[in-house]
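Structural description and commentary
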Amino acid sequence: MIPRDPLEALTRGPVGFLRSSWPWRSAGYLLAGGVPGVACGVAVAGVAASWGRIGAAAAVVCALLVLGCATVAARPWERRRLRLVAPHTTPHSKTYAKPYAREIGHGALSVLVLGWVDLAVVLVSLGIPGALLAAPLQPEAPPWARLGGPLAGALLLPVAAYPIAAWAGARAAVSLAVLALGDAELTEVRRSRARLVDAYEAERRRIERDLHDGAQQRLVALTMKLGLAGLDLPAGSRAAREVAEAHRMAKDALAELRELIRGVHPQVLTERGLPAAVRDVTTRSPMPVDLDVDLERRLPPAVEAAGYFAVCEALANAARHSGAARLRVGGRLRGGVLVLEVADDGRGGADPAAGTGLTGLADRVAAVDGRMLLSSPAGGPTRLRVEIPCGD
């Protein structure tokens, strides 16, 4: 299981933690936290330096304006830098609390206090081993310090990652608690959506099983019966022609039922997983498809279903609207996130608002906490990317 934040990464042992990207991401997160405070401090220092020229009242007003602007700018800055240490739980802009009193207060606190604490944690944690590593460059350092300093600094440098990651995790948790709309109603809405998605997929699988094991088997038996009955009738007779026609109609109905079953929930998806199901649907595409889907393990059923139907919708849209000569479908599992991409060399200009099914596709992906990215400039090419967290 991939850690979702620095605090969780700290519990995975020193080897796994130090070999991961969390120490660097935590340091970057804390360094970014000091940017609004430092910028505000520099601006206020400039105002203070011009105190004698502009007057006391004007200087106070300018300092308050600088603080207000830094506080307002800190709100989106906090939201963006959270992606470094909380990529899976960063609150979406639409879920922020309104009115913005908590965000304004958090922004002011970040500018005045927390940003400076962020910088202090990084500078102190890295400054001690850094000073030891630089001991040979100091002329006044004794010989033992020049020899032992770099060794001690090299040993302490990995240790510095722990306080940095611990403070970054705690700082991110506080920011998420303040910025995210954490009321019980939103939590219940999310849980209800997850339950509805699970129930919907379970019902699709039940319908697929009923059709596959019930109606399809009866149609197969009927087709065989009609075929055997036609063998016992005189060739060229009216009865033989009627039975042959009924046999053909039964075979057509069986083919249509199989297509319907694939549209409800394909059996290959349940039995063999997403790569096999995507391979099956690409073989039925009217255009040639270059397939490169490589997943090292099975994914949760809801994720596989969302990914499969996203690929199906993308292929159908490309066949109907793109005018492409060739398609490419790729899929990988990156950091606990399923990434699927469908690209074509068509005319481009795909617009979710034009009723091409892209809005429904985005809604289906969002129902499993995923997101859809679309690039389709006029003249092409079109690239549709779907990212779905796998929950483990």
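Note that this is a predicted model, so its numbers are computed, not measured.

Rules of the game
- Residues numbered from 1 in each chain as written.
- Predicted model: local features only at pLDDT ≥ 70, side-chain atom pairs only at ≥ 80, totals over all residues.
- Heavy atoms only, no water.
- Helix = DSSP H or I, 4+ residues; strand = E, 2+ residues; numbered from the N terminus.
- Buried < 20%, exposed > 50% of the residue type's maximum accessible area, 1.4 Å probe, protein only.
- Contact = heavy atoms within 4.5 Å.
- Areas by Shrake-Rupley, 256 points an atom, 1.4 Å probe, with all protein chains shown as cover.
- Core = buried A, V, L, I, M, F, W, Y, C linked by side-chain atoms within 4.5 Å.
- UniProt positions renumbered as here; feature names shortened; annotations may be inferred.
- Axes fitted to C-alpha atoms, helices over the stretch in contact; angles between N-to-C directions.
- Parallel < 35°, antiparallel > 145°, perpendicular 65-115°, else oblique.
- Left-handed = near helix turned anticlockwise from the far one by under 90°.
- Pairing = 2+ DSSP bridges.
- Expected span 1.5 Å × (residues − 1).
- Polar contact = N/O pair within 3.5 Å; in protein donor to acceptor, adjacent residues only side chain to side chain.
- Phe/Tyr/Trp six-rings, centres within 6.5 Å; stacked < 30°, edge-to-face > 60°.
- Lys NZ or Arg CZ within 6 Å of the ring centre and 35° of its normal.
- Arc of directions from axis to C-beta.

What about the overall build of the protein chain?
Along its length, the protein chain carries 13 helices and 5 strands. Expressed as a percentage of the 392 residues in the protein chain, the buried residues total 36%. Looking at the protein chain alone, contacts between residues at least 24 apart form 71% of all its contacts between residues at least 6 apart. Split by element, the accessible area of the protein chain, about 21,400 Å² in all, is 65% carbon and sulfur.

Looking at the nonpolar core
Core analysis: the biggest nonpolar cluster contains 38 residues, and Leu274, Val329, Leu338, Val386 and Ile388 have the highest contact counts within it. Secondary structure elements with two or more residues in this core: helix H10 (267-272), helix H11 (274-283), strand E1 (289-293), helix H12 (301-322), strand E2 (327-334), strand E3 (337-344), helix H13 (358-366) and strand E5 (382-389). Of all the elements, H12 adds the most residues to this core, at 10 residues. With sequence-adjacent residues up to four places away left out, Leu338 is seen in contact with Leu274, Leu295, Leu299, Val303, Arg332, Leu333, Val386, Glu387, Ile388 and Cys390. Leu30, Leu82, Ala172 and Leu179 belong to the second-largest nonpolar core, a separate cluster that totals 13 residues.

Section: the UniProt feature "transmembrane region" (unreviewed entry) in the protein chain
The sites that UniProt annotates as "transmembrane region" (unreviewed entry) are residues 27-48, 54-74, 108-135 and 155-181. Taken end to end, residues 27-48 is 100% helix and 0% strand, and its first and last C-alpha atoms sit 31 Å apart. Structurally, residues 108-135 is divided into 93% helix and 0% strand, and its ends, taken at the C-alpha atoms, are 39 Å apart.

Considering the packing of H11 against H12
Contact geometry of H11 with H12 gives a least axis separation of 10 Å together with a crossing angle of 20 degrees. One finds that H11 runs roughly parallel with respect to H12. H12 is crossed by H11, and the crossing has right-handed handedness. Counted together, Leu274, Ala277, Val278, Val281 and Thr282 of H11 and Glu304, Gly307, Tyr308, Val311, Cys312 and Leu315 of H12 form the full contact between these two elements.

Observations concerning the sheet that holds E1
Within a sheet, each strand pairs with its neighbour through backbone hydrogen bonds, oriented either parallel or antiparallel. Ordered by their spatial adjacency, 5 strands build an open sheet running E1-E2-E3-E5-E4, and the pairing between neighbours is mixed. In this open sheet, the two strands that pair with only one neighbour each are E1 and strand E4 (371-375). On average, each strand axis in the sheet is tilted by 10 degrees relative to the strand beside it, whichever way the strands run. Inspection of the sheet shows E2 paired to E3 by 8 bridges, in the antiparallel sense.

Re the pairing of E4
As judged from the 5 bridges shared by E4 and E5, these two strands associate in the antiparallel manner. Looking at E5, one finds that Met372 is bridged to Val386. What sits between the antiparallel neighbours E4 and E5 is a turn of 6 residues, in which Gly379 has the positive phi angle 95 degrees.

Describing H12
The terminal C-alpha atoms of H12 lie 30 Å apart, and with 22 residues this matches the ideal 32 Å at 1.5 Å per residue to within 8%. At the C-terminal side of H12, Gly323 shows a positive phi close to 65 degrees.

Side note on the side chain of Asp118
Note that Asp118 resides in helix H6 (residues 101-133). One polar contact links Asp118 to Arg171, side chain to side chain, over a distance of 3.1 Å. If we skip the residues at most four places from it in the chain, Asp118 touches Leu30, Gly33, Arg81, Trp167 and Arg171.

Here's the deal with the packing of aromatic side chains
Summed over the entire model, instances satisfying the criterion amount to 1 aromatic pair. On the basis of an interplanar angle of 75 degrees and a centroid distance of 5.1 Å, the ring pair of Tyr308 and Phe309 is categorised as edge-to-face. You'll find Tyr308 and Phe309 in the same group, each marked buried. We note Arg25 situated over the ring of Trp22; from NZ or CZ to the ring centre the distance is 4.2 Å.

So, H13
Along H13, the residues that are buried comprise Leu358, Leu361 and Val365. All buried residues of H13 fall inside an arc of 55 degrees around its axis, so they share one side.

So, the pairing of E5
Summarising the sheet, E3 and E5 pair through 8 bridges and their orientation is antiparallel. Directly across from Glu341, in E5, lies its bridge partner Arg385.

Focus: the packing of helix H3 (residues 22-49) against helix H5 (residues 56-81)
Closest axis-to-axis distance for the H3/H5 pair is 9 Å, and the angle between their directions is 170 degrees. As the angle between them shows, H3 and H5 are arranged roughly antiparallel. Relative to H5, the crossing made by H3 is right-handed. Residues Tyr29, Leu30, Ala32, Gly33, Val35, Pro36, Cys40, Ala43, Val44 and Val47 of H3 form the contact with H5, whose own contacting residues are Ala59, Cys62, Ala63, Val66, Leu67, Ala70, Ala74, Trp77 and Arg81.

Quick notes on the environment of Val174
Note that Val174 resides in helix H7 (residues 143-179). In this structure, the C-alpha to C-alpha distance between Val174 and His106, residues 68 residues apart in sequence, is 9.6 Å.

What about the side chain of Thr223?
With respect to the element layout, Thr223 can be found in helix H8 (residues 184-231). Exposure remark for Thr223: the relative accessible area of 11% places this residue in the buried category. Among all residues touching Thr223, those that are not within four sequence positions of it are His247, Ala250 and Lys251.

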